[in-house]
Amino acid sequence: MGKRILITGGSHAELPLIEAAQARGDYVITTGNDIHGLGHQKADEYVPGDYSDKEYVYQLAKEKQVDAIVSGCNDFAYLSTAYAAKKLGFSGHDSYETALIIHHKDMFRACTKRLGIPTPRNQRCLSWEDAEAACRQLSFPVLVKPVDLTGGKGVKVCHSVAEVKDAYASAGAVTRETVIVIEEYIQGTNHGASVLIKNQKVVFEFVDNEQYYHNPYLVSGACYPSDVSENTMQTLYRDIEKVACECQLVDGLFHVQFIVQKDGTPVMIDPCRRAPGDLYIKLVKYATGVDYPLAILRAECGETLADSYVYKPANIARECLMADKNGIVTGLQMKPELKSGVIDQCIWGSVGDTVEDYMKYKAGILFIQEPDVKSLYEKVQRFHELAVVQVQ
């Protein structure tokens, strides 16, 4: 007999978790405000509600008498999940206090600094006076960031105090917190690492190359294998284990975006303990042969993770269909040379859609496989020429 599971989210991003749960016989309840979410349509039961409200999630879990809560692909979802799970005595999630450290940029920066892990020089700002002081202490260019948001929301690179002032106001308008982080801009190549930790040790690892389209803070694609050196990856895994020990992280997923500097040093930027969005965990599954969605599900349900995993690697990319301007979508065009490598897709955009912000709009996701790495990299570099969201 399967479990009753509450998933805090129900967009396309949660589909792999929902499918993994249902495949083993679990009854899946989803919650979230978007009634049109593809995940909600797939779930056994959907309850409209705000998953960022931790008390709501707690009360819903009690009311539905669930056996476990699994976080959706959103930091607010994980915070509510961690809070409700601990109140209900469920294992599989960090304490709420630990979840705040991992999912708030100012707290995580303080943690990595304390552990001697490379981190951007930064200042925690509670007021414009703090921000002005930060401008005097840090070297330009700097990034202004809300502490609690992902996907590049509210983030801006600034080259002067005047730009920081505008960015500080913009970040303050979108955050739910009173803190803004200003940090020095780190140069290097962008990557993501998704690992499973057991007893604070990395037992499964995956590293990608990230791609960006028009928005320099919103990942538009990722591919595997990466071009990160083995030495750099091993350094990163040791740093993750330091964080896991310091924060006493429970077994399960740890995902982090990181930048590799010219000397090979990995600098952790934005971590999370919930599944990344845009079907990333499906990318991991296709690229490694490991059922990553199931492993995450098991961990968050408090079940035992394996001590090691068998890899069956493949050359895979996950790319988001994006527009290059605002307007009305008139078509989705995919060239034959790209089609031949598409092994899976999830398309939700359609003709007639209004693109109000092309920097954020996504029409769908494609998974591409190539027999060799060179061919994969070439298609990834040309992806937005090969797959076009036509807008007028």
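Criteria and thresholds
- Residues numbered from 1 in each chain as written.
- Predicted model: local features only at pLDDT ≥ 70, side-chain atom pairs only at ≥ 80, totals over all residues.
- Heavy atoms only, no water.
- Salt bridge = Lys/Arg side-chain N within 4 Å of Asp/Glu carboxyl O.
- Helix = DSSP H or I, 4+ residues; strand = E, 2+ residues; numbered from the N terminus.
- Buried < 20%, exposed > 50% of the residue type's maximum accessible area, 1.4 Å probe, protein only.
- Phe/Tyr/Trp six-rings, centres within 6.5 Å; stacked < 30°, edge-to-face > 60°.
- Pairing = 2+ DSSP bridges.
- Axes fitted to C-alpha atoms, helices over the stretch in contact; angles between N-to-C directions.
- Contact = heavy atoms within 4.5 Å.

Turning our attention to the pattern of salt bridges. Tallied over the full model, the rule gives 21 salt bridges. Lys-3 is paired through a salt bridge with Glu-303; the nearest N and O atoms lie 2.8 Å apart. Of this pair, Lys-3 sits in the segment before strand E1 (4-8) while Glu-303 sits in the loop between helix H11 (292-300) and strand E14 (315-321), and the two are 300 residues apart along the sequence. Looking at Lys-3, the relative accessible area reads 26%, which means it is partly exposed. A salt bridge links Glu-184 to Arg-121; its shortest N-O distance comes to 2.7 Å. Here Glu-184 is found in strand E8 (residues 180-184), whereas its partner Arg-121 is found in the loop between helix H6 (105-114) and strand E5 (122-125), with 63 residues between them in sequence. By relative accessible area, Glu-184 is classed as buried at 13%.

Below, the discussion takes up the environment of Glu-19. Here Glu-19 is to be found in helix H1 (residues 15-23). Through-space distance from the C-alpha of Glu-19 to that of Ala-43 is 8.6 Å; in sequence the pair is 24 residues apart.

Overall, the coordinates contain 8 aromatic pairs when judged by the stated rule. Both rings, one in Phe-204 and one in Tyr-309, keep their centres 5.7 Å apart while their planes meet at 75°; by these two values the pair is edge-to-face. Taken together, the positions of Phe-204 in strand E10 (residues 201-212) and Tyr-309 in the loop between H11 and E14 put the pair 105 residues apart, joining distant regions of the chain. With relative accessibility at 18%, the residue Tyr-309 sits in the buried group. Note on Tyr-286 and Phe-367: the rings are 5.3 Å apart at their centroids and 65° apart in plane angle, and the pair reads as edge-to-face. Pair noted here: Tyr-286 is in helix H10 (residues 280-288) and Phe-367 is in strand E18 (residues 364-370), with a separation of 81 residues, a long-range link. Residue classification places Tyr-286 among the partly exposed residues on the basis of a relative accessible area of 29%. Using a relative accessible area of 0% as the deciding quantity, one classes Phe-367 as buried.

On the basis of which strands lie adjacent, the open sheet formed by 4 strands has the order E5-E8-E6-E7 and antiparallel pairing. Looking at the sheet topology across the chains shown, the edges are occupied by E5 and strand E7 (156-158). Direction aside, neighbouring strands of the sheet carry axes that sit 25° apart on average. Two elements, strand E6 (residues 142-146) and E8, share 5 bridges in a ladder whose sense is antiparallel. Across the sheet, the residue bridging to Lys-145 is Val-181, located in E8. The strands touched by helix H7 (residues 128-137) are E5 and E8; relative to E5, the strand with the most contacts, the crossing angle is about 170°.

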